[in-house]
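# Observations on the three-dimensional arrangement
One-letter residues, chain by chain:
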Amino acid sequence: MKIGVIKDPKQGEARVGMTPENVKILVEAGNEVLVDDNAGAGSGFTNEQYVEAGGKIVDTDTAWTADLIVKVKEPMESEYHYFKKGQIIWGFLHLAANKACVEKMMEVGVTALSGENISINGVLELLKPMSAIAGRRAVNLGQYYIEKQHGGEGILLPGIEGVEAGTVVILGGGNAAENAADMAVGIGCHVVILEVNENRIKQLEERYKDHNVEVIVSNTENLENRIKDADVFISTVLIPGAKPPKLVKEYMVKSMKPGSVIVDIAIDQGGTVETIDKPTNHADPVFTKYGVIHYAVPNMPGATPRTATIALAKGNISFLKEVSLKGIDAALKSDESLLSGLSVYNGKVVSKALADSIDVPYTEVGDVL
């Protein structure tokens, strides 16, 4: 199979979908791998390393001629003209926030594999390291933007001896939330986690029983009350394949402390905060509304591309090899985990969560595969 490794044009995106080690594995399996010129430069991988691994350095137009396209993020509008019938596009696509992209895939007849939705024994294993990075960075960003020179309330989030630390309120109790809580606890903050699942609440209570962490039921009343206390508020809610609801209402944001900070990790899928009407980017990451600083960058791990690329490459290589050796149909039929990441198949939207989120026709995967 001919495989293309694309240099993502998204602003601030320095990750790449494959390391030279991945390229070597796929070439040794009999594939031809076309690597977009300098695709790995942002993550510290040179063209020479890809060539040594057996890849071919090509321009972007040539890389996009491949049968299997490996990206990090969703295709940008500037890339839609590359789509071709039967092409497979792999990446963290977050298509529920990208209706125009889905419509173009439907029009052309593209197959989309969304790595963020791949479930292995009920765990989103490929997304897990990206969520960990985003969760940890969220606390760092909160510390940074809460400083006065950035328009923040002017506190040192961890506090010092004799001066109380700030409060970090986290919406959701999944992997990103746990990593955010670990960071916040580690620097001495008071942490509040709002979670809906009873079993998960018990797990979190056990994990943080010896720390300054409250784990409470996530409902409107508790969110209304606790968001007022937040120096840094981090939203981590994820619904695989679908847009999350706007749980954080405008009136809640108005009730927050002047100079407090919101970090919406869920912005990849459309976000959960009503006062965020569009994503920001690494070049212009924040805006202030009702006196509250909003951070809404959808590719947060792109700021740590070396770490993120190595992690994502470890996760995707077995699936990429499987597709390249068996072909997409046989691979999907034999691997339930891979099938869980299938969003669009030959132009048909086969993810109900996606179809419902963006209001496009849904097709049962069994009807087309």
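A quick note: this is a predicted structure, and the numbers were derived from the prediction, not measured. (Residues numbered from 1 in each chain as written. Predicted model: local features only at pLDDT ≥ 70, side-chain atom pairs only at ≥ 80, totals over all residues. Heavy atoms only, no water.)

Okay, unusual backbone geometry next. Phi is positive for Asn 346, which is not a glycine, with a value near 45°. Inspection of the secondary structure assignment puts Asn 346 in the loop between strand S14 (342–345) and strand S15 (348–349). The class for Asn 346 is partly exposed, based on a relative accessible area of 37%. Of note, Asp 359 is a non-glycine position whose phi angle comes to about 60°, a positive value. Take Asp 359: it is sitting in the loop between helix H13 (352–358) and helix H14 (365–368). For Asp 359, a relative accessible area of 66% translates into the label exposed. (Helix = DSSP H or I, 4+ residues; strand = E, 2+ residues; numbered from the N terminus. Buried < 20%, exposed > 50% of the residue type's maximum accessible area, 1.4 Å probe, protein only.)

Moving on to the packing of aromatic side chains. Tallying each qualifying case throughout the model produces 6 aromatic pairs. When the centroid spacing of 4.9 Å and the interplanar angle of 85° are considered together, the rings of Tyr 144 and Tyr 145 count as edge-to-face. Residue Tyr 144 is classed as partly exposed on the basis of its relative accessible area, which comes to 42%. Among the aromatic side chains, those forming a connected cluster through ring pairs are Trp 64, Tyr 80, Tyr 82 and Phe 83. The ring of Phe 45 carries Arg 306 above its face, with NZ or CZ at 4.4 Å from the centroid. (Phe/Tyr/Trp six-rings, centres within 6.5 Å; stacked < 30°, edge-to-face > 60°. Lys NZ or Arg CZ within 6 Å of the ring centre and 35° of its normal.)

Right, let's get into the UniProt feature "binding site: Mg(2+)" (unreviewed entry) in the protein chain. Residues annotated by UniProt as "binding site: Mg(2+)" (unreviewed entry) correspond here to Glu 322. Following the sequence through the fold, Glu 322 ends up in helix H10 (residues 305–326). (UniProt positions renumbered as here; feature names shortened; annotations may be inferred.)

Let us look at the layout of surface pockets. A probe as big as a water molecule, rolled over the atoms, marks out the empty space that is left. Approximately 1,000 Å³ is the volume found for the largest pocket. Together, 44 residues line the largest pocket, and Gly 174, Asn 175, Thr 236, Val 237 and Leu 238 are the ones closest to its centre. Of all elements in the fold, only helix H5 (128–145), helix H6 (175–186), strand S8 (190–195) and helix H8 (220–227) reach the threshold of two or more residues within the lining of the largest pocket. A per-class count over the lining of the largest pocket returns 23 nonpolar, 13 polar and 8 charged. In terms of lining, the second largest pocket is formed by 29 residues, of which the most central are Lys 10, Glu 74, Ala 97, Asn 98 and Pro 279. Ranked by residues supplied to the lining of the second largest pocket, first place goes to helix H4 (residues 99–108) with 3 residues. (1 Å grid on protein atoms, 1.4 Å probe; cavity = no way out; pocket = protein on both sides within 12 Å on 5 of 7 lines; lining within 4 Å. Points joined across faces, edges and corners; volume = space filled by probe spheres on them. Nonpolar A, V, L, I, M, F, W, Y, C, P; charged D, E, K, R; others polar.)

Once that is clear, we can look at the sheet that holds strand S4 (residues 68–73). Sheet architecture is open: 8 strands sit in the order S3-S2-S1-S4-S5-S6-S14-S15, paired in mixed fashion. At either end of the open sheet lies a strand with only one pairing partner, and these are strand S3 (56–58) and S15. In this sheet, S3 lies alongside strand S2 (residues 32–36) in parallel orientation, the contact comprising 3 bridges. Looking at the pairing, Asp 36 lines up with Val 58 of S3. (Pairing = 2+ DSSP bridges.)

Once that is clear, we can look at helix H1 (residues 20–28). Among the residues making up H1, those that are buried are Pro 20, Asn 22, Val 23 and Leu 26. In a view along the axis of H1, the buried residues occupy a sector of 155°, so they form one face of it. Relative to its buried face, H1 has exposed residues pointing more than 90 degrees away, namely Glu 21 and Glu 28. Buried residues in H1 make contact with strand S1 (2–5), S2, helix H2 (47–52) and H10. Looking one or two residues past H1, Gly 30 carries a phi angle of roughly 105°, positive in sign. (Arc of directions from axis to C-beta. Contact = heavy atoms within 4.5 Å.)

Met 18, Val 33, Leu 68, Trp 90, Leu 113, Val 323 and Leu 338 are the most contacted members of the largest nonpolar core, which totals 37 residues. In terms of residue count, H10 provides more of this core than any other element does, 6 residues in total. Excluding its chain neighbours within four sequence positions, the residues that come into contact with Trp 90 are Leu 68, Ile 69, Val 70, Lys 71, Leu 113, Ile 118, Leu 126, Asn 316, Phe 319, Leu 320 and Leu 338. Among the nonpolar cores identified, the runner-up in size contains 32 residues, and Leu 157, Cys 189, Val 232 and Met 300 belong to it. (Core = buried A, V, L, I, M, F, W, Y, C linked by side-chain atoms within 4.5 Å.)

Here the focus is the side chain of Asn 98. Tracing the sequence through the fold places Asn 98 in the loop between strand S5 (88–92) and H4. Given the relative accessible area of 19%, Asn 98 is considered buried. In this view, Asn 98 contacts Glu 74 and Leu 93; residues no more than four positions away in its chain are not counted.

Turning our eyes to something else, we now look at a nonpolar patch on the surface. Judged by side-chain polarity, Leu 156, Ile 160 and Val 163 come together as a nonpolar surface patch covering roughly 290 Å² of accessible area. Its location among the elements puts Val 163 in the loop between H5 and strand S7 (167–171). (Patch = residues over 30% accessible without salt bridge, like charges linked within 9 Å, V, L, I, M, F, W, Y side chains within 5 Å. Areas by Shrake-Rupley, 256 points an atom, 1.4 Å probe, with all protein chains shown as cover. Salt bridge = Lys/Arg side-chain N within 4 Å of Asp/Glu carboxyl O.)

Scanning the model with the defined rule gives 2 cavities of 30 Å³ or more in all. Approximately 60 Å³ is the volume found for the largest cavity. Lining the largest cavity, in full, are Lys 71, Val 72, Trp 90, Gly 91, Phe 92, Leu 126, Leu 312 and Asn 316. Among the elements that line the lining of the largest cavity, the one with the most residues is S5, at 3 residues. Here the lining of the largest cavity is built from residues that sort into 5 nonpolar, 2 polar and 1 charged. Here the second largest cavity is characterised by a volume of approximately 40 Å³.

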